[in-house]
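Architecture at a glance
Residues per chain, in single letters:
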Amino acid sequence: MPTGTKAAESYIEKPKTLAALRDGIANGRLKAADLANEYYQRIEKLNPRLNVYLSLTKDRALAQAERIDAMAAKGDPLPVLAGVPVGIKDVLVMQGAPSTAGSKILQGYRPPYDATAVARLEAAGALLLGKLNCDEFAMGSSNENSAYGPVRNPVDPERVPGGSSGGSAAAVAANLAVGTLGSDTGGSIRQPASFCGVVGVLPTYGRVSRYGLIAFASSLDRVGPFAANVRDAATLLGVIAGHDPKDATSSLAPVEDYAAESDKPPAGLRVGVPAEYFAEGLDPEVRAPIEKGIAALERAGCAIKPVSLPHTKYAVPTYYLVATAEASANLARFDGVRYGYRSPRSATLSDMYSHSRNEGFGPEVKRRILLGTYALSAGYYDAYYLKAQQVRRLLAEEFLRAFAQVDAIVTPTSPVPAFKLGEKTGDPLAMYLADIYTVTASLAGICGVAVPCGATKAGLPVGMQILAAHLRESTAFRLARAMEAADLILR
Ligand code: GLN
């Protein structure tokens, strides 16, 4: 990063690796309780500026730390995430903890159970520090749609961290957690990871249970991890992945040892570069580092091949039809009756519904409910929703054809680097169009990893998106490791 252009105020700090934490705890040099306290102190110091955490779950983290320290003192074998401080996006429920999904409508809601991914992290020894800020119901690309205020990007607090999992990405970038969970429906893990300079994983649809994820668009929603390095992201995915009887769409396929797989050198892998992702609209400051990243993969022994994904141009409209249609159905349950916000100024039942929803939902969520309801309404269904489903199928088939020729596809994650707070809030369409490179994999159900790949001249992180076919996470991780090795040289 060229000095002098670096933001005057930066909160970037690299967390310790999972291996270093575990070794330290196993040999008694580190105490899980001290770690938890250190992280809470850092959160106390930085959160007023960055607005990353919405709530803290100290009792639960400290009780777990005590259990881990007792195990270490006895010399018991430690689970893989023993003492690792993690944060959870507020769309994933945690028993007894506030779970707002970034919305006013869920203010005060304390769910009676844990999301499966959250329970699995804790069962593997992680310390659950608290809940992370995000766009309301995960709808957005900048975190500015949170009812609790935007997250600021730790690289430059005048800029957005990306969204919707902005808190999850910023927490890792600023070392307010070692790993975090986010959700990705159309890019919400990959894009903020790229904006904040961390690693984000989009698992194959069905690879990680959605049980306990507050639904946005059920056929697109995925839960996935963030970490400061690829190997740790791979380890986190290994912990949360796998069949869950509580999610009928979760895959029965065995879970690979992603971390070990990521150790394999990438030589011999065939890497596709789709021309459609390097066309008009791509900021040259993003294009340049990505091209250098591709050259680095070639030097690492990968065969670079052009591929074509011609339906890419239809991906944004297709995504915004499918996602809004499903959202309009999923969000029907927030009516003031069972949980969350209820408007106090209602004389009749129907008044209560409409006032609660009108006062509880923010403008972006209302826009999506309206768009989705319209797309599903009689007379328009065939023209919009059905057509979108057909295009979705074409996009998926196009990816499968490409994956018959290459092992992975690399693209920029976002056409632009992190933008300034407020820069795009007045133009929702411009915000939607910037999702162009991420919504395609969401519609196709395939997996991917977003990994840091150099920076702009001003020092803003750029992210490479590495996509692989269904359940081929290991391939994406191998390439991401190679990209990570090249990243520092690109800066
Ligand atoms: N930015 C996209 C949207 O606003 C994706 C959000 C997501 O992946 N949750 O819908």
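To start, this report covers the structure provided alongside it. Note that the structure is a prediction, hence the values are computed from the model and not measured.

As a further point, take the overall build of the protein. On a plain count of helices and strands, the protein comes out with 16 helices and eleven strands. Relative to its length of 491 residues, the protein is compact, with a C-alpha radius of gyration of 21 Å against a globular reference of 23 Å. Dimensions of the protein, computed from C-alpha atoms along their principal axes, come out at roughly 65 × 55 × 50 Å. The buried share among the 491 residues of the protein stands at 60%. Taking all contacts inside the protein whose residues are at least 6 apart in sequence as the whole, residues at least 24 apart take part in 77%. Accessible surface, the protein: about 18300 Å² in total, of which carbon and sulfur atoms supply 55%. Measuring between centres, the 52 positive side-chain charges of the protein sit 1 Å from its 48 negative side-chain charges.

Another point: the site of the ligand. Inspection of the region around the ligand gives 15 residues, with Ala 138, Ser 141, Gly 186, Ser 188 and Tyr 319 positioned closest. In this structure, Gly 186 approaches the ligand through a main-chain N or O atom, which is 2.6 Å from an oxygen atom. In this structure, Arg 368 approaches the ligand through a side-chain N or O atom, which is 2.8 Å from an oxygen atom. Contact with the protein chains covers 99% of the free accessible surface of the ligand, which is 290 Å².

Our focus in this paragraph is helix 13 (residues 382-403). For helix 13, built from 22 residues, the straight-helix expectation of 32 Å at 1.5 Å per residue is met to within 8% by its first-to-last C-alpha distance of 30 Å. For helix 13, the complete set of buried residues consists of Tyr 385, Ala 388, Val 391, Arg 392, Leu 395, Ala 396, Glu 398, Phe 399, Ala 402 and Phe 403. Among the structural elements, helix 10 (315-330), helix 12 (363-376), strand 9 (408-412), helix 15 (439-444) and strand 11 (461-468) are those in contact with the buried residues of helix 13.

It is worth spelling out the nonpolar core at this point. Among the nonpolar cores identified, the biggest contains 150 residues, and Leu 121, Phe 137 and Met 464 are the most heavily contacted of them. Excluding residues within four positions of it along the chain, Leu 121 makes contact with Leu 81, Val 86, Ile 88, Ala 126, Leu 128, Leu 181, Leu 236, Val 239 and Ile 240. One finds Phe 195, Ala 418, Phe 419 and Met 431 within the second-largest nonpolar core, a separate group that totals five residues.

Between helix 10 and helix 13, the shortest axis-to-axis distance is 9 Å and the interhelical angle comes to 125 degrees. What the angle tells us is that helix 10 and helix 13 run oblique. Here helix 10 and helix 13 pass one another in a crossing that is left-handed. Listed contacts from helix 13 to Ala 315, Thr 318, Leu 321, Val 322, Ala 325 and Glu 326 of helix 10 are Tyr 384, Tyr 385, Ala 388, Gln 389, Val 391, Arg 392 and Leu 395. When grouped by side-chain class, the residues that make up the contact of helix 10 with helix 13 number nine nonpolar, two polar and two charged.

Here the focus is a nonpolar patch on the surface. A cluster of nonpolar residues, Val 337, Leu 349 and Tyr 353, forms a patch on the protein surface that exposes about 260 Å² of accessible area. Assignment of secondary structure puts Val 337 in the loop between helix 10 and helix 11 (349-360). A residue is classified by how much of its surface remains accessible, and Val 337, at 38% relative accessible area, is partly exposed.

Right, let's talk about unusual backbone geometry for a bit. Look at the link from Gly 163 to Ser 164: it is a cis peptide, with omega at 5 degrees. Mapped onto the fold, Ser 164 is located in the loop between strand 3 (127-132) and helix 5 (166-173). Look at Asn 51: it is not a glycine, yet its phi comes out positive at around 60 degrees. Considering the arrangement of structural elements, one finds Asn 51 in the loop between helix 2 (32-50) and strand 1 (53-56). Positioned with a positive phi, Asn 175 is a non-glycine residue whose angle comes to about 55 degrees.

The rules behind each value
Residues numbered from 1 in each chain as written. Predicted model: local features only at pLDDT ≥ 70, side-chain atom pairs only at ≥ 80, totals over all residues. Heavy atoms only, no water. Helix = DSSP H or I, 4+ residues; strand = E, 2+ residues; numbered from the N terminus. Rg over C-alpha atoms; globule rule 2.2 N^0.38 Å. Buried < 20%, exposed > 50% of the residue type's maximum accessible area, 1.4 Å probe, protein only. Contact = heavy atoms within 4.5 Å. Areas by Shrake-Rupley, 256 points an atom, 1.4 Å probe, with all protein chains shown as cover. Lys, Arg positive; Asp, Glu negative; His and termini not counted. Charge placed at Lys NZ, Arg CZ, Asp CG, Glu CD. Near = heavy atom within 4 Å. Polar contact = N/O pair within 3.5 Å; in protein donor to acceptor, adjacent residues only side chain to side chain. Expected span 1.5 Å × (residues − 1). Core = buried A, V, L, I, M, F, W, Y, C linked by side-chain atoms within 4.5 Å. Axes fitted to C-alpha atoms, helices over the stretch in contact; angles between N-to-C directions. Parallel < 35°, antiparallel > 145°, perpendicular 65-115°, else oblique. Left-handed = near helix turned anticlockwise from the far one by under 90°. Nonpolar A, V, L, I, M, F, W, Y, C, P; charged D, E, K, R; others polar. Patch = residues over 30% accessible without salt bridge, like charges linked within 9 Å, V, L, I, M, F, W, Y side chains within 5 Å. Salt bridge = Lys/Arg side-chain N within 4 Å of Asp/Glu carboxyl O.

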